[in-house]
Amino acid sequence: MPAIQLTPAQRKIHRSEAHHLDPVVMIGNDGLTPAVLKEAEMALNAHGLIKIRVLGDDRAAREEMFAALADQLHAAPIQHIGKLLVLWRPQPEKVREVTEDRLPGPRDVKVLKYSSRGGQRPEVKMLRVLGNQRLTSGGQVKRAKPKKTSIKKRTLG
């Protein structure tokens, strides 16, 4: 699978996004080693858009490394400026596991307690309600009770 081809407009967008990034992979005098490829692969999976710094002075060698990296990592070459190389690859979709055991997190609720005498300001109280709790109309926190299921449903299900 060859490197990804981008339009000049797409390349320009990625170049502007990469401007503030720091290099996450460094290529030393040994060139493209398996360790460098592995690090670049992990960085592309994590970030999608990465900068790579090449420490060698030979421009032709850097251009060859740039093309080889883009081809081997199935990434789009964005920019080669000086000793910096910028590569982009779309990030894989992250799959979130849905667990039925998870409960909603805590939330802060504002409770107003009005005075029995009119004309006074209501007393404001902040309460933290956990995922298994609920707030009654009187401003009290109650624990949620587990739903009851019938005996028939328990034996059949």
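Structure's up top.
Residues numbered from 1 in each chain as written. Predicted model: local features only at pLDDT ≥ 70, side-chain atom pairs only at ≥ 80, totals over all residues. Heavy atoms only, no water.

K.L.:
What am I meant to see in the nonpolar core here?
P.N.:
Here is a general trend for soluble globular proteins: nonpolar side chains tend to be buried in one another's company. Among the nonpolar cores identified, the biggest contains 17 residues, and Ile27, Ile52, Leu69, Leu73 and Leu87 are the most heavily contacted of them. Of all elements in the fold, only strand E1 (25-27), helix H2 (34-47), strand E2 (49-54), helix H3 (59-72) and strand E4 (84-88) reach the threshold of two or more residues within this core. Non-local contacts of Leu73, meaning those with residues more than four positions away in its chain, are made with Leu37, Ala40, Glu41, Leu44, Leu87 and Arg89. By size, the runner-up hydrophobic cluster in this structure holds 7 residues, among which are Leu6, Ala76, Ile78 and Trp88. (Core = buried A, V, L, I, M, F, W, Y, C linked by side-chain atoms within 4.5 Å. Buried < 20%, exposed > 50% of the residue type's maximum accessible area, 1.4 Å probe, protein only. Helix = DSSP H or I, 4+ residues; strand = E, 2+ residues; numbered from the N terminus. Contact = heavy atoms within 4.5 Å.)

K.L.:
What is the right way to read the sheet that holds strand E3 (residues 76-81) from this model?
P.N.:
For sheets, the rule is that strands pair by backbone hydrogen bonds, running either parallel or antiparallel. The 4 strands are arranged E1-E2-E4-E3 in an open sheet whose pairing can be described as mixed. At either end of the open sheet lies a strand with only one pairing partner, and these are E1 and E3. The average angle at which neighbouring strand axes cross in this sheet is 25°, direction not considered. (Pairing = 2+ DSSP bridges. Axes fitted to C-alpha atoms, helices over the stretch in contact; angles between N-to-C directions.)

K.L.:
When you look at a positive patch on the surface in this model, what are you seeing that I'm missing?
P.N.:
A contiguous patch of positive charge on the surface is contributed by Arg134, Lys142, Lys145 and Lys148. Relative to the helices and strands, Lys145 resides in the loop between strand E8 (141-143) and helix H4 (151-156). (Patch = residues over 30% accessible without salt bridge, like charges linked within 9 Å, V, L, I, M, F, W, Y side chains within 5 Å. Areas by Shrake-Rupley, 256 points an atom, 1.4 Å probe, with all protein chains shown as cover. Salt bridge = Lys/Arg side-chain N within 4 Å of Asp/Glu carboxyl O. Lys, Arg positive; Asp, Glu negative; His and termini not counted. Charge placed at Lys NZ, Arg CZ, Asp CG, Glu CD.)

K.L.:
How should I be thinking about the side chain of Arg62 in this particular structure?
P.N.:
Looking at where Arg62 falls in the secondary structure, it is placed in helix H3. Within the buried set, Arg62 has no salt-bridge partner at all; the shortest N-O distance to an opposite charge, 5.3 Å, is to Asp57. Setting aside anything within four residues of it in sequence, one finds Arg62 in contact with Val54, Gly56, Asp57, His80, Gly82, Lys83 and Leu85.

K.L.:
I keep staring at unusual backbone geometry and nothing clicks. Help me out?
P.N.:
Peptide bonds are mostly trans, and most non-glycine residues show a negative phi. Residues other than glycine seldom take positive phi values, yet His74 does so here, at roughly 55°. Mapped onto the secondary structure, His74 falls in the loop between H3 and E3.

K.L.:
Sorry if this is basic, but what is going on with H3 here?
P.N.:
Turn by turn, an α-helix covers 3.6 residues, leaving residues three or four places apart pointing in a common direction. Here H3 contains 14 residues, and its C-alpha end-to-end distance of 20 Å stays within 8% of the 20 Å for a straight helix at 1.5 Å per residue. Burial in H3 covers these residues: Arg62, Met65, Phe66, Leu69 and Ala70. Within H3, the buried residues cover an arc of 125° as seen down the axis, which keeps them to one side. Among the structural elements, E1, H2, E2, E3 and E4 are those in contact with the buried residues of H3. (Expected span 1.5 Å × (residues − 1). Arc of directions from axis to C-beta.)

K.L.:
Just checking my understanding: could you explain the pattern of salt bridges for this structure?
P.N.:
In a structure, side chains of opposite charge can pair up when their charged atoms sit close to one another. Counting across every chain of the model gives 4 salt bridges. In this structure, the salt-bridge partner of Arg89 is Glu41, at a minimum N-O distance of 3.2 Å. Of the two residues, Arg89 is situated in the loop between E4 and strand E5 (107-113) and Glu41 in helix H2; the sequence distance between them amounts to 48 residues. As a salt-bridge pair, Arg59 and Glu63 come within 3.4 Å of each other at their nearest N and O atoms.

K.L.:
Can you walk me through helix H1 (residues 8-18) in this structure?
P.N.:
Regarding H1, the residues found buried are Arg11, His14 and Ala18. Angularly, the buried residues of H1 cover 65° about the axis, an arc narrow enough to put them on a single face. On the buried face of H1, the contacting elements are E2, E3 and E4.

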